2 protein chains.
Amino acid sequence: MVLAVIGVGLVGGSVAIAARERLGATVRAYDGVEGVVALAAQRGAVDVACSSIEEALEGAEIAVVATPVGALSQTLLAVLAAASPDCAVTDVGSTKRLVVEAISDPRFIGGHPLAGAETAGVQNARGDLFDDATWYLTPTSKTDGMLFERVHRMIVALGARPASIEAANHDRVMADVSHLPHILANVLVGQAAASLADDGQPIPATGPSFRAATRVAGANSAIWTDIYLSNAEALVEEVDGVIARLQTTRDALASRDGAQLTAWNDRAAADRRRLLEVRTPAGAVQELRVAVPNRAGVVAEVALALGRAGIDIVDMALYPSTDMRDGVIALWIAGEAPTQEAARLMVELGFPASPA
Amino acid sequence: MVLAVIGVGLVGGSVAIAARERLGATVRAYDGVEGVVALAAQRGAVDVACSSIEEALEGAEIAVVATPVGALSQTLLAVLAAASPDCAVTDVGSTKRLVVEAISDPRFIGGHPLAGAETAGVQNARGDLFDDATWYLTPTSKTDGMLFERVHRMIVALGARPASIEAANHDRVMADVSHLPHILANVLVGQAAASLADDGQPIPATGPSFRAATRVAGANSAIWTDIYLSNAEALVEEVDGVIARLQTTRDALASRDGAQLTAWNDRAAADRRRLLEVRTPAGAVQELRVAVPNRAGVVAEVALALGRAGIDIVDMALYPSTDMRDGVIALWIAGEAPTQEAARLMVELGFPASPA
């Protein structure tokens, strides 16, 4: 397997190392920053250090674009222009809606591994970075099913758990669980700094809740300004929601409404438990065969339905029929109950499904 | 020394144990909840289990009220009614403005140790709970200087570092570094729960920033509703400040203003560093003698001026002159520079000061 990696930082470098170690892939790499790809080759992360996107894409079956979010769409378009008609192109950007809307090429599958956001550079890259990490994929009705399967399979081989999700949903989830916490941490330190500077008193040395709540305040602007901008639409909505909630709490405080404050606080305890509940281990892997019409978008439809239900596709394979009119998707799913639920969902979509 | 402890939970119990171990105090205790004071006696935390506030106050030189914030003012008034004219009365409540405004008795000195907020019960009490903890005191112009000195000295003996602060300032500081982080954590989980419930997708298992930002969400309502209510005035102001800041950030997002977002994010990084800077160790303890007029409030004036400047009073002693018209306050302060700064501040207040 020939893999092209465009952008060899922490994530791109780790993809390269894992693909060489676990897939025996030949990795051809390019990085826009002078010297980076040579350093990556020197560290044994890549096989061929290339001096252009075109050179890196020669003979590639998959291209992974791992550049910063800011110029992602342009880079992806350049990669797609250089890629062969049978090459799958994916990325690892933290937000997905903008790139997925900008690129309608059936060879493109948006991706986002939840790993390694806080360190940087190929010098920190490692082959086990994605072990057990959720790796979002955002297929659409235009996505080529065979190329989706190829990317899905590579991600499983890299050690991650692929999960399919609509791009806009992805961005809303990330707004809630990652971007909004960063915004609130920034706002909290700003408020505390301004309010406490008034009287010139030193801040009390202790304050574990303050330290925890502001741990991510002022994260690297070189990365985060682009993330905020690329997810601005979802974030504006989420911030509006937070402002409305704060207003309600503020009014309960102003009217000294203890019952409302208690109900609000108890609800927060219940919500947190629910949000942080860990999924139970699912059990042994089962195979499910799904008969599908051979039309554009059907693989995305299947993957997204299972992603929405929280069902992990451990592996998948496509078997188009000889007349190319319909085919079978074989899905491997962990646990008997999730497999039965998956079968039910497939039937609901109109696709006959049965355990193998 | 006879110490009365009213309310023998985690903090009251720890005060009792530390006072017995480190001051050789005789501790007389009362708790409004049936059986608690007997349990405390059985655990060796107190010497005399009493069945009323009046009984606990018999012969006491200091009374520490460590009951929940909700009924604190009433309990303090009952304790002051039972206390001798020469007994100092202090409390350990998390907010100070309401009690300090409600009680003008010169024997009362508001207090708040920053320790042990997250566990509860005399079964978790221990003698070293206050070691190196900041212990706020809120003397006023009505506070009896001799009784303030007595409480200050006891707190030093318990292992804590007393710091004097105006009650309203105290509540604002606590709003910023403790109560506001709790409110934002609650709001964040509420927003995420509502937003993510829309699509029925399971929350991604990973999310270190979300877990950190919501660590204190939904803290024990039995404690926190009272804290929110007793600090409602400061909190309404702080929440209004946060709403205004969020609105600014929201507008920067809506107008895709990358430069503003970067400046805001960089400022947050700088603010956080500044807020979490640890004070440098101050050096050897120096004695400073301050000549003061013998009038009400002068000890509070001295203590608050040093508290505002962040100067720790390691120990203090009052020496009224024989004609009772003026006197000397001896202060022990850690470090040469802070001692010189303290001397300068005293001269600024009109009190001649010189190193001993």
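Here the residue index of a chain counts from 1 through its sequence in written order. Starting at A for chains and at 1 for ligands, labels are handed out in the order in which the entities are written. Reporting in this predicted model follows two pLDDT cut-offs: at least 70 for local features of residues, and 80 or more for side-chain atom pairs to be given and counted; totals over whole chains, interfaces and linings ignore these cut-offs and use all residues.

**Things to note about the domain arrangement of chain A**
Residue and element names in this part refer to chain A.
Okay, step 1: When its domains are assigned, chain A resolves into domain 1 (2-165), domain 2 (170-247) and domain 3 (285-355).
Okay, step 2: Residue ranges assigned to the domains are those given by an automatic or database domain assignment. Relative to domain 2, the C-alpha centre of domain 1 lies at a distance of 30 Å.
Okay, step 3: Mapped onto the side of domain 1 that touches domain 2, the elements with two or more residues apiece are α5 (97-102) and β7 (134-138). Counting from the N terminus, the helices are DSSP H or I runs at least four residues long and the strands are E runs at least two residues long.

**Observations regarding the confidence of the model for chain A**
Okay, step 1: Averaged over chain A, the pLDDT score is 89; the fraction of residues at 70 or greater is 92%.
Okay, step 2: Here the predicted complex scores 0.78 on pTM and 0.78 on ipTM. Confidence of the predictor in every single residue is expressed as pLDDT, which spans 0 to 100.

**Some points on the packing of helix α6 (residues 145-157) of chain A against helix α12 (residues 298-308) of chain A**
The relative placement of two packed helices is expressed as an angle between their axes plus a distance between the axes.
Residue and element names in this part refer to chain A.
Okay, step 1: Lines fitted to C-alpha atoms define the axes, with helix axes restricted to the stretch in contact, and inter-axis angles between N-to-C directions lie between 0 and 180 degrees. Put simply, α6 and α12 touch, their axes get as near as 8 Å, and they point 45° apart. The orientation of α6 relative to α12 falls into the category oblique. From α6, Gly145, Phe148 and Glu149 reach across to α12, where they touch Val298, Val299 and Ala300.
Okay, step 2: Think of it as three bins: nonpolar holds Ala, Val, Leu, Ile, Met, Phe, Trp, Tyr, Cys and Pro, charged holds Asp, Glu, Lys and Arg, and polar takes everything else, Gly as well. Across the contact of α6 with α12, the residue classes tally to four nonpolar, one polar and one charged. Note that the term roughly parallel is reserved for angles under 35 degrees, roughly antiparallel for angles over 145, roughly perpendicular for angles of 65 to 115, and oblique for everything else. Here contacts are defined at the residue level, using C-beta atoms placed from the backbone and a cut-off of 7 Å between them.

**Considering the sheet that holds strand β5 (residues 88-91) of chain A**
Residue and element names in this part refer to chain A.
Okay, step 1: Strands were regarded as paired on the criterion that DSSP finds at least two bridges between them. Across the sheet, which stays open at both edges, the eight strands sit in the order β3-β2-β1-β4-β5-β6-β7-β8 with mixed pairing between neighbours. The open sheet terminates on both sides in strands that have one partner only, identified here as β3 (48-49) and β8 (161-164).
Okay, step 2: Across four bridges, strand β4 (residues 62-65) lies against β5 in parallel orientation. For Val64, the partnering residue across the bridge sits in β5 and is Thr90.

**Topic: the relation of the copies chain B and chain A**
Okay, step 1: We superpose the copies by least squares over the C-alpha atoms of residues that have a pLDDT of at least 70 in both of them. With an RMSD of 0.0 Å, the operation that places chain B on chain A is a rotation of 180° combined with a shift of 0.0 Å along the axis. Classification of the inter-copy transformation places it as that of a two-fold axis. Taking C-alpha positions as the reference, the residue of chain B nearest the rotation axis is B:Ala213, at 2.2 Å.
Okay, step 2: With an isologous cut-off of 70% or more, the 100% of interface residues of chain B that recur at the interface of chain A puts this contact in the isologous class.

**Points about the sheet that holds strand β7 (residues 134-138) of chain B**
All names here are of chain B.
Okay, step 1: An order of β3-β2-β1-β4-β5-β6-β7-β8 is seen for the eight strands of this open sheet, with the pairing classed as mixed. Among the strands making up the open sheet, the edge pair consists of β3 (48-49) and β8 (161-164).
Okay, step 2: Taken strand by strand, helix α6 (residues 145-157) contacts β4 (62-65), β5 (88-91), β6 (108-113), β7 and β8, and its axis lies near 50° from that of β5.

**Quick notes on unusual backbone geometry**
Okay, step 1: Of note, the phi angle at A:Asp132 is positive, near 65°, even though the residue is not glycine.
Okay, step 2: Along the polypeptide, A:Asp132 turns up in the loop between β6 (108-113) and β7.

**Digging into the pairing of β6(B)**
All names here are of chain B.
Okay, step 1: Across the six residues that make up β6, a large majority, six, are buried.
Okay, step 2: For the exposure call, what matters is how many other C-beta atoms sit within 10 Å of a residue's own: 20 or more marks it buried, 12 or fewer exposed, and in between partly exposed, using C-beta atoms placed from the backbone. Both faces of β6 are covered, namely the face carrying Phe108, Gly110 and His112 and the face carrying Ile109, Gly111 and Pro113.
Okay, step 3: Two strands pair when backbone bridges link them, and β5 and β6 are joined in this way by two bridges, in the parallel orientation. The residue of β6 that forms the bridge with Val89 is Phe108.
Okay, step 4: Orienting the strands away from the viewer, one traces the path from the first strand over the helix to the second; a clockwise path indicates a right-handed crossover. Regarding topology, helix α5 (residues 97-102) serves as the crossover connection from β5 to the parallel β6, and that connection is right-handed.
Okay, step 5: Note: β6 against β7, four bridges, orientation antiparallel.

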